[in-house]
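# Overview (structure and organization)
The residues making up each chain are set out below.
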Amino acid sequence: MPVTQHYEGQSRLESLGRLSTKHDRHQRHDSLLSYRANSRTTSRSSSTESTHRCTVRTYDNRFSERVAAFRDREYPQLNGTNLAQLIIVIVLAHMSQAEFISTPGARWSVCIEESLYAKSLVRVYAADLIGNLYGNPHSENTPAAAAGQRVEQVREKALRFFNADPKEWDLIFTANATASIKLVGECMHDYATSNNTPLWYGFHRDAHTSLVGVREMASNHRCFTSDAQVEDWINGRGIGGAEPGQLGLFAFPGQSNMTGRRLPLAWCGRIRRNVYKAPVYTLLDAAALASTAELDLSDPTTTPDFVALSFYKIFGMPDIGALIVHKAAKHVLMKRRFFGGGTVDVVVAVDGSWHTGKETLHDRLEAGTLPFHEIIALGHAIDVHDRLYGPDPMKFISNHTSRLGKLVFDGLSTLRHSNGEPMVEIYNESGTVYGDSSRQGATIAFSVRDVSGQLVTHKDVEVAANREGIFVRSGSLCNPGGMATYLKWQGDDLRRAHAAGYRCGNVEMQTVYGKATGVVRVSIGPMNTAADIHAFIDFIERHYFDHQPIRQPSPPMLLKDNDREAHSIRAVTHPTKDTRPISSRRPIGATKPIDDRQRWAGDWEMALAIRTHLQAAAQKP
Ligand SMILES: Cc1ncc(COP(=O)(O)O)c(C=O)c1O
């Protein structure tokens, strides 16, 4: 008799037809795709039924229904918002955390990004820790052995979660994706040095800051500014990359954390086969990709040598990451020079300097005490994901979030002011197809435009959304290539802006030289539903429909600089959604205004005071 695994929301779906084998369940997922229902008629959010002027196209609501079946119970953190059942999982880059952290009785939820931990995960984890005694696995006693055993079980379980055969792959637990990326960079550097070989590093423009930073460990590097450049390099068998006698590393994100674009994983296999001027290893930054996509490491034609990721992005917790390594590339990492507690078999410290490292890759690289409580939590997180989202949880989540991403795109892109001008500018590559999970994730970056086409600054959108319990992320998102590409920042401009006082995450500088310093980003998580999306679109429309241009006061004269426009910033804040925004210009850097000084200073201070007030108000129950 076949064993049928029961999972949350199953009964609702099973009424569509009894399907029990994995194959059948996949077919059921596919058959769901053909079912189309206008979600506006099924949305449970009353706020969304009122004012939509945008055209939201058809949406397969059954994915959302299945999540809705357990959401209130499993994600009670989402119930405290002032719009019932509302939350868009999105956070603001570099913004003070205090804006989001909930206090007892506060009406806001804790901010979340991509995924949120389920209640049953916290419960089962707590019960495990309370019911068992675990100790530092570096010891030999019973609690230590229990922890050590669990760590190894979870290591294997995590590999299998990504379809990675433990015979071929190893997994090193790290603090986060950034630590995994840094580890590869350090090891490659040490490997190159030990062979007296220069290290060449290539990375794609869509890279997260953490991937860009690896260039500092290389002798020379190249930023590939388009897919076409990568294609040319691969098809040209490595021309424009590592030279003979060098060692190479090529890194790219599986998904842009800014636009949600998914990059071709097939590059990895093709680089291995085609690029032979020098040995080039591949590093896939799967931090954004793995949260809502199936990362399948079973196909050797697409698999990278190294994969970096963060587990909290997939399951909401635990806050640890991993570096997954194909064992064929293990020798590169074994050359790491640094050693620490647990990574060596013998060390001579006093009358010489000799040591011998552990033989197993993860033992060699996991220096210091492992975060074993977190690793135990990871084992539970994988189980809970299976129970909530089905036997193939990432396939379900990929389908579900991909559809919601399309819903966001359709909703935002059809919003218009009364003069017909678009309310929202979405940042993406031409030809982007939302809803196609092979090429686009459920992340959308955009700016809001007022009725005259002027930018509504990103932080103000975030603050306004936050007041309604909608948590969006804004800023430059640690994506310098995206900022350069979509906000048209050039290197020299950024250097001048920095000299003038601009800092990444500086909430007061939302525009410099008339250019935005950030975007707003929506990043859908597994527990989001169509009702969330409608509420979000509804918020944008209610708040910004026919939004008036910001009054520009005459800029102050500057003592030391004639270029007033180039050295001023605009600060805007919206006291409430019904009142006109307050705007001010002030010089930055060492200059001082010599006329309009009092009015300018007053505006500026008032803007800051109101913002502070808004933040404080948002924390109140
Ligand atoms: C694509 C990408 N890479 C790297 C990171 C860094 O991840 P972590 O903060 O876990 O180090 C992120 C974080 O959002 C990301 O989206």
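Values in this document were obtained by computation on a predicted structure and should not be read as measured data.

## Some thoughts on the environment of Arg 496
Considering the arrangement of structural elements, one finds Arg 496 in helix H19 (residues 491–499). With relative accessibility at 42%, the residue Arg 496 sits in the partly exposed group. Here the alpha-carbon distance between Arg 496 and Tyr 513, two residues 17 residues apart in the chain, equals 9.9 Å.

## Describing the packing of aromatic side chains
Applying the stated criterion to the full structure yields 22 aromatic pairs. Seen from their ring centres, Phe 70 and Tyr 389 are 5.4 Å apart, and the 80 degrees between their planes marks the pair as edge-to-face. Linking Phe 70 in helix H4 (residues 62–74) with Tyr 389 in helix H15 (residues 372–389), this pair joins segments that are 319 residues apart in sequence. Given the relative accessible area of 0%, Phe 70 is considered buried. Grouped by ring-pair contacts, the aromatic residues Trp 200, Phe 224, Trp 233, Phe 250, Phe 252 and Trp 267 constitute a single cluster. Over the face of the ring belonging to Phe 396 we find Arg 66, whose NZ or CZ atom lies 4.0 Å from the ring centre. In this arrangement the basic side chain of Lys 515 is found over the ring face of Trp 489, its NZ or CZ atom lying 5.3 Å from the centre.

## Observations concerning the pattern of salt bridges
What the rule picks out here adds up to 25 salt bridges. One salt bridge connects Arg 387 with Glu 74, and the closest N-O pair in it is separated by 3.5 Å. Of this pair, Arg 387 sits in helix H15 while Glu 74 is found in helix H4, placing the two residues 313 residues apart along the sequence. A relative accessible area of 4% means that Glu 74 is categorised as buried. Through salt bridges with shared partners, a single network forms among Arg 205, Asp 206, Asp 227, Arg 261 and Glu 429.

## Concerning the site of the ligand
Neighbouring the ligand are Asn 176, Ala 177, Thr 178, His 208, Gln 255, Asn 257, Asp 285, Ala 287, Ala 288, Ser 310, Tyr 312 and Lys 313. Ser 310 is positioned with one of its side-chain polar atoms (N or O) 2.3 Å from an oxygen atom of the ligand. Expressed as a share of its isolated accessible area of 390 Å², the protein-covered part of the ligand is 89%. Taken together, the elements giving at least two residues each to the shell around the ligand come down to helix H7 (177–194) and helix H12 (312–315).

## Some points on H4
Taking 1.5 Å of rise per residue, 13 residues should cover 18 Å, and H4 covers 18 Å from first to last C-alpha, within 8% of that figure. Within H4, the axis deviates most sharply at Ala 68, by approximately 30 degrees. For H4, the set of buried residues is Arg 62, Phe 63, Ser 64, Arg 66, Val 67, Phe 70, Arg 71 and Glu 74.

## Notes on the state of the cysteines
For the structure shown, the criterion picks out zero disulfides. Cys 504 supplies the cysteine sulfur nearest to Cys 478, a cysteine that is in no disulfide, at a spacing of 5.9 Å.

## Quick word on the packing of helix H17 (residues 458–467) against helix H20 (residues 530–544)
Running from amino to carboxyl end, H17 crosses H20 at an angle of 110 degrees, the nearest separation of the two axes being 11 Å. Regarding the angle of H17 to H20, the classification is roughly perpendicular. For the pair H17 and H20, the crossing hand works out as right-handed. Across the interface between the two elements, Asp 460, Val 461, Ala 464 and Ala 465 from H17 touch Phe 539, Ile 540, His 543 and Tyr 544 from H20.

## Examining helix H10 (residues 266–274)
When H10 is considered as a whole, its buried residues turn out to be Trp 267, Cys 268, Gly 269, Arg 270, Ile 271 and Asn 274. Residues of H10 that are buried in the fold lie against strand S2 (199–204), helix H9 (227–235), strand S4 (247–253) and strand S5 (280–285).

## A closer look at the confidence of the model for the protein
Considering every residue of the protein, the mean pLDDT works out to 79; 73% of them sit at 70 or more. When the criterion is pLDDT under 50, residues 1–56 qualifies, and its contacts beyond four places in sequence or with other chains add up to 99 contacts. Within the model, the stretch residues 81–112 combines pLDDT values under 50 with 127 contacts to residues more than four positions away or in other chains.

## What to know about the side chain of His 458
Locating His 458 in the fold gives a position in helix H17. The buried category is assigned to His 458, whose relative accessible area is 5%. In this structure His 458 touches Ser 474, Gly 475, Gln 510, Thr 517, Gly 518, Val 519 and Val 520, once residues within four positions along its chain are discounted.

## Describing the side chain of His 385
Within the secondary structure, His 385 is located in helix H15. Setting aside chain neighbours within four positions, we find His 385 in contact with Phe 161, Ile 314, Phe 315, Gly 390, Pro 393, Met 394 and Ile 397.

## Looking at the nonpolar core
One broad trend across soluble globular proteins is that nonpolar side chains are buried collectively. With 97 residues, the main nonpolar core has Phe 311, Leu 412, Phe 446 and Ile 540 as its most contacted residues. At ten residues, H15 tops the list of elements feeding residues into this core. Two domains each donate at least three residues to this core, and these are domain 1 (10–15 + 39–115 + 391–544) and domain 2 (168–337). Not counting the four nearest positions on each side in its chain, Ile 540 is found in contact with Leu 412, Leu 415, Met 423, Val 424, Phe 446, Val 448, Val 461 and Phe 545. In this structure, Tyr 191, Leu 247, Leu 249 and Ala 308 belong to the second largest nonpolar core, which totals 31 residues.

Conventions used here
Residues numbered from 1 in each chain as written. Predicted model: local features only at pLDDT ≥ 70, side-chain atom pairs only at ≥ 80, totals over all residues. Heavy atoms only, no water. Helix = DSSP H or I, 4+ residues; strand = E, 2+ residues; numbered from the N terminus. Buried < 20%, exposed > 50% of the residue type's maximum accessible area, 1.4 Å probe, protein only. Phe/Tyr/Trp six-rings, centres within 6.5 Å; stacked < 30°, edge-to-face > 60°. Lys NZ or Arg CZ within 6 Å of the ring centre and 35° of its normal. Salt bridge = Lys/Arg side-chain N within 4 Å of Asp/Glu carboxyl O. Near = heavy atom within 4 Å. Polar contact = N/O pair within 3.5 Å; in protein donor to acceptor, adjacent residues only side chain to side chain. Areas by Shrake-Rupley, 256 points an atom, 1.4 Å probe, with all protein chains shown as cover. Expected span 1.5 Å × (residues − 1). Bend = angle between axes of the 7 residues up to and from the residue. Disulfide = S-S within 2.5 Å. Axes fitted to C-alpha atoms, helices over the stretch in contact; angles between N-to-C directions. Parallel < 35°, antiparallel > 145°, perpendicular 65-115°, else oblique. Left-handed = near helix turned anticlockwise from the far one by under 90°. Contact = heavy atoms within 4.5 Å. pLDDT = per-residue confidence, 0-100. Core = buried A, V, L, I, M, F, W, Y, C linked by side-chain atoms within 4.5 Å. Domains from an automatic or database assignment.

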